[in-house]
Amino acid sequence: MMRETFLRWPSREALGREGIPRPRRLLAWAVRLLVAGVLLWSAFRDDRVHGWTAVAGAGGALVATVLAWAFFRLTVEHRLWPSVTLLLLLLGLAAGFHAVGFETPATVVWCGSAVAALERLPLAAALPTAGAGFAAFAVFAVSSGDGWQGAAATTGGMALAGYALRLDAEARGSAQRLLAQERAARAAEAESAALAERARIAREIHDVLAHSLSAQLVHLEAARLLIERGADRDRILERVVAARGMARDGLDETRQALSALRGELTPLEEFLTGLVRATAGAEVTVTGERRPLPADASQTVRRVAQEALTNVRKHAPGAGVRLRLDYEPGQVTLNVRDSGGPPGELAGAGGGYGLLGMRERAELLGGSLEAGPGEEGFVVTLKVPV
């Protein structure tokens, strides 16, 4: 763990400029320009600096600027040896400044390189590099007449400043990574919500078509059987008219499904009342405290009621049907029970996937659907949490 700490780079987010407020960036550039101006003024006001010495100093300042810029770019890319090489060149350039009399720029380059190393390099490389810069500064300070206590205090303060800058950059980098993760999570959540909405629309379209076409198939298959048996025209026409009515009902259901997708559902009790009114021998009872249901739960109840009545018409035509809707604490229960009777001509038609699809739809909402023979006929019981 300790080895990993010493060899680990600061994150790219910490070394980059992303996440730094614009006012802070402008302030940083203002401070750099001010320091550069003060350094140049302090260097060139010296009477010893003139002629080629001034030219060399100006060229050295330009070279130091380019090297510092390249060092910052290379550390963002986590390129260790080129970064260390540039720092060593900066330290050597500072020694050259000191040799020609640019003592203040030399001091700033020594200290700045050491602080930058602590801030931007792995500690294994930063400590020796920063130590070289601080040592050169301390030797210069003591040789200039400053006490070793003052030099040590200044060196320690700058070392702490460099490490504090490193911690601040790491904190900013962590914040940037968390922000990126949050944005990715929000994007994934939005994509998941879009997929869920598409799945819901697909289920609505499937349920409408399956119910409508299944009901039409019942009557058209009956008409085919009647024609094959040579039944009279009125009985055949009755089935064809019924199929046409189912097609009309399918269009109405499609409009209702579109209204449901827009959140414009009619009350559930009103829907069930209209459903049993169109089915001979059916009745509906509602118990419990009536309350609005979520769209998915309401649509599931409606589709199960439609599917159950279609199955009664297919398997036990003419049987009485009782629908019971119970509003209970935490859930709503739909019970559809028929009185039974002789199987119809189309009892074997269809693949038997209607109730299976309704069961899957109920389970998606955390509910359940049970279907099977009762005391008299067939019973379908749906429970949906709300």
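Only a predicted model underlies this, so the values are computations on that prediction, with no experimental measurement involved.

Student: Sorry if this is basic, but what is going on with the packing of helix H5 (residues 80–99) against helix H6 (residues 103–120) here?
Tutor: Between two packed helices, both the angle of their axes relative to each other and the distance between the axes serve to describe the pair. Between H5 and H6, whose axes approach to 7 Å, the crossing angle comes to 160°. Here H5 is positioned roughly antiparallel relative to H6, judged by the angle of their axes. Crossing of H5 against H6: the hand is left-handed. Along the contact surface, H5 presents Leu87, Leu90, Leu91, Ala94, Ala95, Phe97 and His98, while H6 presents Glu103, Pro105, Ala106, Val109, Trp110, Ser113 and Ala117. A class-by-class count of the residues in the contact of H5 with H6 yields eleven nonpolar, two polar and one charged.

Student: I tried to follow the pattern of salt bridges on my own but got confused; where do I start?
Tutor: Any two side chains of opposite charge can pair, given that their charged atoms come close. This structure, assessed with the given rule, holds five salt bridges. Salt-bridge contacts for Glu77 lead to Arg79; the nearest nitrogen and oxygen are separated by 3.6 Å. The exposure class of Glu77 is partly exposed, given its relative accessible area of 39%. Note that Arg186 is salt-bridged to Glu182, the shortest N-O span being 2.7 Å. One end of the pair, Arg186, and the other, Glu182, are both in helix H8 (residues 148–228), four residues apart, so they sit about a helical turn from each other. Where salt bridges share partners, they join Glu221, Arg224 and Glu228 into one cluster.

Cut-offs used in this document
- Residues numbered from 1 in each chain as written.
- Predicted model: local features only at pLDDT ≥ 70, side-chain atom pairs only at ≥ 80, totals over all residues.
- Heavy atoms only, no water.
- Axes fitted to C-alpha atoms, helices over the stretch in contact; angles between N-to-C directions.
- Helix = DSSP H or I, 4+ residues; strand = E, 2+ residues; numbered from the N terminus.
- Parallel < 35°, antiparallel > 145°, perpendicular 65-115°, else oblique.
- Left-handed = near helix turned anticlockwise from the far one by under 90°.
- Contact = heavy atoms within 4.5 Å.
- Nonpolar A, V, L, I, M, F, W, Y, C, P; charged D, E, K, R; others polar.
- Salt bridge = Lys/Arg side-chain N within 4 Å of Asp/Glu carboxyl O.
- Buried < 20%, exposed > 50% of the residue type's maximum accessible area, 1.4 Å probe, protein only.

Limitation: the analysis is restricted to geometry and does not speak to function.
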